[in-house]
Amino acid sequence: MQRAARIPIAGVHSPVYHVSDTSSTLDLAATLLVDTTTPTPHLTTIIADRQSAGRGRLGRTWTTPDGQALLASTIVSLPTSFPTKMLGWLVHACALSVRDALSPRLTPVGHTVSLKWPNDVLVDGARKICGILAQLAPASSPFTTAVILGYGINIAQAPGTLPTPQATSLLAEGDVQAGADPTAVTHEVLAAILAGLDERIRSLVAHGDAASAGLAAEAEAALPLIGTRIVLASPTDAFGTPALEGVALGLAPTGALLVRDDDGQTHQIDAGDVLAT
């Protein structure tokens, strides 16, 4: 395995390790967590130019040309007193931080950035620019719980080169600098994401719940599907068969989606695919 090299990024105080090639930054982050020779404090991040086995939800593969995306995994270290049922809020915190990192680049060229439950970031509510995964990992200390947040953001793919019409990149949406200097843009975006994550996680831990921390209201405001009628597929159904239809009411205290069906019953959905709104 190629050894990860620590690199400096302006405005980032936690370690950032870079590799040119890896199977998955998520897997590499998990490996580094148990490697006592490599410091992995809170918000340690691994970035790669290329992933040979990057993955999305439901085991879907995720590929991108070398050096044209931010391929990252960030280690979040939480006190063991932090309730496990609250861990779902970390994905919301990450998605909001990605939104805030991308909006200053895309708003000036006429685009909006919003979230799609449970783990995507969209441009103009239609085109996916980022996907996020979270997984528990063995902690490096008995006093902490470790979660790895993996995220991939399309930076410099040109229009017409993206895998599907529903995918997009900063360059494809008009961010010229993303094409001219993708490495610099990747580092700037990462620094903004980590700053947003740090602030939101600190507040979540300090307040003990997402409502008091302001994270719940912020996440609901960033999800256009709240208050609309949606159709959901099971999270384990790769074929997208409709499993539940109803109105998205909001987010539960755990970060799960609350959906009221036509019989008036409210369902708490921890994972799934939104098929239509």
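So, here is what we can say about the structure in this document.

**Describing the pairing of strand S11 (residues 257-261)**
Each regular strand shows side chains that alternate between the opposite faces of the sheet. Only one face of S11 is buried, namely the one carrying Leu 257, Val 259 and Asp 261, since none of Leu 258 and Arg 260 on the opposite face is buried. The turn joining strand S10 (residues 242-251) and S11, which pair antiparallel and follow one another in sequence, is formed by five residues; a positive phi near 95 degrees is taken by Gly 255. In this sheet, strand S12 (residues 266-269) lies alongside S11 in antiparallel orientation, the contact comprising four bridges. In the sheet register, Leu 258 faces S12, and the bridge partner there is Gln 268. Between S11 and S12, which pair antiparallel in sequence order, lie four residues; one of them, Gly 264, sits at a positive phi of approximately 90 degrees.

**Looking at the sheet that holds strand S3 (residues 45-51)**
Across a sheet, strands are paired by hydrogen bonds formed along the backbone, either parallel or antiparallel in direction. Spatially, the eight strands line up as an open sheet ordered S1-S2-S3-S4-S8-S7-S6-S5, and their pairing is mixed. Each end of this open sheet is capped by a strand with a single partner; those strands are strand S1 (5-6) and strand S5 (113-116). Direction of pairing for S5 relative to strand S6 (residues 120-123): antiparallel, over a ladder of four bridges. Along S6, the bridge assignment pairs Val 113 with Val 123. On top of the sheet, helix H4 (residues 182-207) reaches strand S2 (16-22), S3, strand S4 (69-79) and strand S8 (144-154); it is set at about 20 degrees to S4, its chief contact.

**Comments concerning the nonpolar core**
Counting residues in each nonpolar core, the largest one holds 64 residues, and the members touching the most others are Leu 70, Tyr 151 and Ile 153. Leu 28, Ile 75, Ala 137 and Ala 146 belong to the second-largest nonpolar core, a separate cluster that totals 15 residues.

**So, the packing of helix H2 (residues 89-106) against H4**
Packing of H2 against H4 brings their axes to within 8 Å, and their N-to-C directions diverge by 140 degrees. Judged on the interaxial angle alone, H4 and H2 are oblique. For the element pair H2 and H4, the recorded crossing hand is right-handed. When H2 is examined against H4, the residues Trp 89, Leu 90, Ala 93, Cys 94, Leu 96, Ser 97, Val 98, Arg 99, Asp 100, Ala 101, Leu 102 and Arg 105 are found in contact with a partner set consisting of Val 185, Glu 188, Val 189, Ala 192, Ile 193, Gly 196, Leu 197, Arg 200, Ile 201 and Leu 204.

**Focus on unusual backbone geometry**
A cis amide bond links Trp 117 with the next residue in sequence, Pro 118, at an omega value of 5 degrees. Following the sequence through the fold, Pro 118 ends up in the loop between S5 and S6. A positive phi angle is found at Leu 43, which is not glycine, with a value near 75 degrees. For Leu 43, the location among the structural elements is in the loop between helix H1 (25-33) and S3. Judged by its relative accessible area of 6%, Leu 43 falls in the buried class. Even without a glycine there, the phi angle at Asp 124 is positive, about 55 degrees. Along the chain, Asp 124 falls in the loop between S6 and strand S7 (127-137). For Asp 124, a relative accessible area of 32% puts it in the partly exposed group.

Calculation criteria
Residues numbered from 1 in each chain as written. Predicted model: local features only at pLDDT ≥ 70, side-chain atom pairs only at ≥ 80, totals over all residues. Heavy atoms only, no water. Buried < 20%, exposed > 50% of the residue type's maximum accessible area, 1.4 Å probe, protein only. Helix = DSSP H or I, 4+ residues; strand = E, 2+ residues; numbered from the N terminus. Pairing = 2+ DSSP bridges. Contact = heavy atoms within 4.5 Å. Axes fitted to C-alpha atoms, helices over the stretch in contact; angles between N-to-C directions. Core = buried A, V, L, I, M, F, W, Y, C linked by side-chain atoms within 4.5 Å. Parallel < 35°, antiparallel > 145°, perpendicular 65-115°, else oblique. Left-handed = near helix turned anticlockwise from the far one by under 90°.

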